[in-house]
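Residue-level structure breakdown
Read off the chains here:
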Amino acid sequence: MLVVHGVWRPGVGLAVWAEDSRLPAHPPRRPGRAPRERPHPFAADHAALAAALAAAAEPTGLGTALLTLPTRAGAPLDSPELVRPEVAAAVRGAVTLAGWRVPVLRYAPDAALPLLRAVDTLAAVPGATLRHLAELAEFAVDLTARGRVLPGLAEAPPPPRPAAPVARAVWRPLLTGTDAAWARALALALPPAARAATGPDEPDEKRGPGAADVSGTPSGADAGRRRGGPRAGRHPPAPGSTDHARGSTDHAK
C-alpha cells in the first residue's frame, strides 16, 4: 500500500511523496557516522507515485525533497496510516530527528487543486498532511463560490535579468466571522509533518508542460477563484476535531 503525503512549498506549489509498505523499513547498514541526509528506505519512487495519482491530476515536475522526520535506530518511523504486510519487530532506542530525501511529484497550484479535491478517490491512502491540504482547498473553493475574495497584488518572482520590480495580480481571501474561526482552526490543526521540508528541493529530473511557470503561479484562494468547481455553500463547522487531532500526530508518533 501507498500512503501519500503532501508539503506545500511557497512559490512552487504542492510537493507529494509517499511511503510504500512493500519496501524494507530500514536502510542498509553502513559503518561510521550517519550522514546528514540519506535516501528514505521506503519512499515510493516517481513511477509508483505517478501511477497512484494519474487519475486525479498531471504533475508539472518531479524531483526530490529533503525532509526532517522522526527517526529511531537509524530508520524513519512509519506514519500512523502505514500498514505493513507483516508486523515489524520491536525496535528500541530514542526517537530523534534526521534528514531523509524522498522522490516527489510537484504540482503548480492550478494542478494541485483538482488533486486535492480528489483525495478520497485516489488509488492510495492519503496521509494527514494531504487530508489537511484538501480541507484548505475546499475552504478556498467555498470562499470563492461565495465571493469572499478581494483582488490584490503580490510580489512576482525575480526576473532572470535585472529589471524594474514586477507585481502580479492575485485574489486574497476575505476572512470574517465564522470564516476567520475556521481559518484559525485549520492553522491550529496543521500536522507536524507539514513542516518537515526544511531544505531546498533538488532540481527537477523531468519537467512537464507548464513547469517553467510553477514559481509564478498564484495559489490558494486565487487558484480556487479561477478553477473553483460547482461545490458551494457554507463550510462545515470548525473541527473540534477528531480527524484533525488525529492528523496532527502524523509522523509524530
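Before reading on, note that the structure itself is shown above.
A short tour of the structure in this document, coming up. None of these values were measured; they are calculated from a predicted model. (Residues numbered from 1 in each chain as written. Predicted model: local features only at pLDDT ≥ 70, side-chain atom pairs only at ≥ 80, totals over all residues. Heavy atoms only, no water.)

Some points on the overall build of the protein
The number of helices and strands found in the protein is 6 helices and 10 strands. A total of 253 residues make up the protein; the buried ones form 46% of that total. Here the contacts in the protein between residues at least 6 apart in sequence split such that 80% fall between residues at least 24 apart. Summed over its atoms, the accessible surface of the protein is roughly 13500 Å², and 59% of this surface lies on carbon and sulfur atoms. (Helix = DSSP H or I, 4+ residues; strand = E, 2+ residues; numbered from the N terminus. Buried < 20%, exposed > 50% of the residue type's maximum accessible area, 1.4 Å probe, protein only. Contact = heavy atoms within 4.5 Å. Areas by Shrake-Rupley, 256 points an atom, 1.4 Å probe, with all protein chains shown as cover.)

Digging into the environment of Ala-54
Checked against the element boundaries, Ala-54 lands in the loop between α1 (46-53) and β4 (61-72). Residue classification places Ala-54 among the exposed residues on the basis of a relative accessible area of 52%. On a C-alpha basis, the gap between Ala-54 and Leu-122 in space is 8.8 Å, while along the polypeptide they are 68 residues apart.

A look at the pairing of strand β1 (residues 2-9)
Within β1, 7 of the 8 residues are buried, which leaves it mostly tucked inside the rest of the structure. In this sheet, strand β2 (residues 13-20) lies alongside β1 in antiparallel orientation, the contact comprising 8 bridges. Within β2, the position partnered with Arg-9 by the bridge is Gly-13. What sits between the antiparallel neighbours β1 and β2 is a turn of 3 residues, in which Gly-11 has the positive phi angle 80°. Of the pairings in the sheet, the one linking β1 to strand β7 (residues 125-126) comprises 2 bridges and is parallel in character. Along β7, the bridge assignment pairs Val-4 with Pro-126. (Pairing = 2+ DSSP bridges.)

Points about the side chain of Arg-38
As for its placement among the helices and strands, Arg-38 is situated in strand β3 (residues 37-39). The charged side chain of Arg-38 is buried without a salt bridge, its nearest counter-charge being Glu-37 at 9.4 Å. For Arg-38, the contacting residues outside a window of four places in its chain are Gly-74, Ala-98, Gly-99, Trp-100 and Arg-101. (Lys, Arg positive; Asp, Glu negative; His and termini not counted. Salt bridge = Lys/Arg side-chain N within 4 Å of Asp/Glu carboxyl O.)

Describing the nonpolar core
Counting residues in hydrophobic clusters, the biggest one holds 29 residues, and the most contacted among them are Val-4, Leu-14, Val-16, Leu-53, Tyr-107, Leu-115 and Leu-122. Of all the elements in the fold, those that place two or more residues in this core are β1, β2, α1, β6 (96-107), α2 (109-116) and α3 (128-145). For Leu-122, the residues in contact, after removing those within four places along its chain, are Ala-52, Leu-53, Ala-56, Leu-115 and Leu-130. Core analysis: the second largest hydrophobic core is formed by 13 residues, Ala-65, Val-104, Ala-196 and Ala-197 among them. (Core = buried A, V, L, I, M, F, W, Y, C linked by side-chain atoms within 4.5 Å.)

Considerations on the pattern of salt bridges
A full pass over the atoms with the stated rule returns 8 salt bridges. Measuring nitrogen to oxygen at the nearest pair gives 3.5 Å for the salt bridge that ties Glu-81 to Arg-131. With a gap of 50 residues between them, Glu-81 in the loop between β5 (75-76) and β6 and Arg-131 in helix α3 connect regions that are remote in the sequence. Arg-117 is the partner of Glu-138 in a salt bridge, and the nearest nitrogen-oxygen pair spans 3.1 Å. Of the two residues, Glu-138 sits in helix α3 while Arg-117 sits in the loop between α2 and β7, which places them 21 residues apart along the sequence. Connected via shared salt-bridge partners are Asp-142, Arg-146, Arg-148 and Asp-179.

Points about the packing of aromatic side chains
Throughout the structure, instances matching the rule amount to 1 aromatic pair. Between Phe-139 and Trp-182, the ring centres sit 6.3 Å apart and the planes meet at 75°, which makes this aromatic pair edge-to-face. You can see Phe-139 sitting in helix α3 and its partner Trp-182 sitting in helix α4 (residues 177-188), a full 43 residues away along the chain. In this pair, the class of Phe-139 matches that of Trp-182, namely buried. Of note, Arg-84 hangs over the ring of Phe-42, and the distance from its end group to the ring centre comes to 4.6 Å. (Phe/Tyr/Trp six-rings, centres within 6.5 Å; stacked < 30°, edge-to-face > 60°. Lys NZ or Arg CZ within 6 Å of the ring centre and 35° of its normal.)

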